[in-house]
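For reference, the chains in residue letters:
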Amino acid sequence: MTEKVSELIGKPLITRGGEHIGYVINVQTDKALRQIKNLECCDEEEEEFCLPLSAASELGKDAIVIRSPTAKPCKNCLPAPFGMTVFSVSGEELGKLCDLALRDGQIVQLLLSGGQAVDSERLVGLTDTAIVDLSDPFVPKAITRSRGTRKAKNTDIAATKPTMQPTADDEEAFVSPAEPLPTDPSDQQATIHPVADSEEVRRRTKRAGSTMLTGKVLPQDLKDARGNILAKTGTVVSPHVIKSAMQHGKLFELTLLCSGTYPQF
């Protein structure tokens with residue numbers, strides 16, 4: 001049976017004893033984008049935590065049954081790269097990654113913003129963007145997912161190259177702290193920060209963290225099914241925002257917005 005990652009987002013987590021321990025807010029994959037490894041979750045107090053997918057005994061239609069709520073998440077995993085631009089090997093931009101099709105925890109298709117579905121085995125490169133091979137016939141190839149920095153070709157030269165000392169302006173830029181986030185759990189009003197432009201939104205969204213939703217900044221309004229605004233552009237995502245999105249069935253849309261995808265729902 002094939003399902004989508006978006007169908008997992010917002011599902012409650014229950015133990016075999018019937019205890020409700022939280023709900024799913026995102027997923028993490030292996031480095032090659034072949035398997036779902038971890039579930040990113042929130043508990044009733046909106047505290048975020050991770051569980052390995054192997055801890056789930058059943059991915060039901062209405063809930064996920066957890067056999068081991070204390071299981072440790074898999075290491076060396078990465079958040080699903082929603083919003084990543086996908087190119088063909090010929091350099092054609094195909095769209096943004098907006099969902100993943102699953103079968104028994106295996107990623108079988110990449111679902112793109114333009115409506116195209118690409119078999120996951122056609123993924124041949126994955127760093128800051130994704131590269132897929134749409135040629136026919138196609139021979140599957142192994143890929144690696146890495147964000148490593150480039151190394152100098154001549155290590156002797158690199159070792160002897162003088163180190164640049166930061167100026168006073170540079171030091172100020174390095175130590176400039178992020179804007180404080182609201183910490184009072186009783187505060188039910190979303191905090192709004194003025195945002196200069198889309199580039200500033202992208203910068204602040206990445207700065208807030210690469211995995212969990214809390215602390216990220218909305219680049220556009222999050223609306224419910226009737227068009228009412230749940231959280232305005234520039235809102236710092238708080239547990240209250242996450243809970244409101246879940247109650248209105250907009251948790252996956254919130255995940256996409258925070259990852260840099262701007263869908264028109």
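Structure first, text after, so check above.
Procedures and definitions
Residues numbered from 1 in each chain as written. Predicted model: local features only at pLDDT ≥ 70, side-chain atom pairs only at ≥ 80, totals over all residues. Heavy atoms only, no water. Helix = DSSP H or I, 4+ residues; strand = E, 2+ residues; numbered from the N terminus. Buried < 20%, exposed > 50% of the residue type's maximum accessible area, 1.4 Å probe, protein only. Contact = heavy atoms within 4.5 Å. Areas by Shrake-Rupley, 256 points an atom, 1.4 Å probe, with all protein chains shown as cover. Arc of directions from axis to C-beta. Core = buried A, V, L, I, M, F, W, Y, C linked by side-chain atoms within 4.5 Å.

Attention now goes to the overall build of the chain. Helix and strand counts for the chain stand at six helices and 16 strands. A total of 265 residues make up the chain; the buried ones form 41% of that total. Here the analysis covers contacts within the chain between residues at least 6 apart in sequence; of these, 46% occur between residues at least 24 apart. For the chain, the accessible area works out to roughly 15,400 Å², and carbon and sulfur atoms hold 50% of it.

The next thing to look at is helix α5 (residues 239–247). Residues of α5 that are buried: V241, I242, S244 and A245. End-on view of α5: buried residues confined to an arc of 165 degrees, all on one side of the axis. Against β3 (20–29), β5 (48–52), β15 (222–223), β16 (229–231) and α6 (251–258) lie the buried residues of α5. At the exit of α5 stands G249, carrying a positive phi of roughly 70 degrees.

Right, let's get into α6. Counting buried residues in α6 gives eight out of eight residues, a clear majority hidden from the surface. Buried within α6 are the following residues: L251, F252, E253, L254, T255, L256, L257 and C258.

Grouped together as the largest cluster of nonpolar side chains are 51 residues, with contacts concentrated most on V5, L100, L110, L251 and L254. No other element matches the six residues that α6 contributes to this core.

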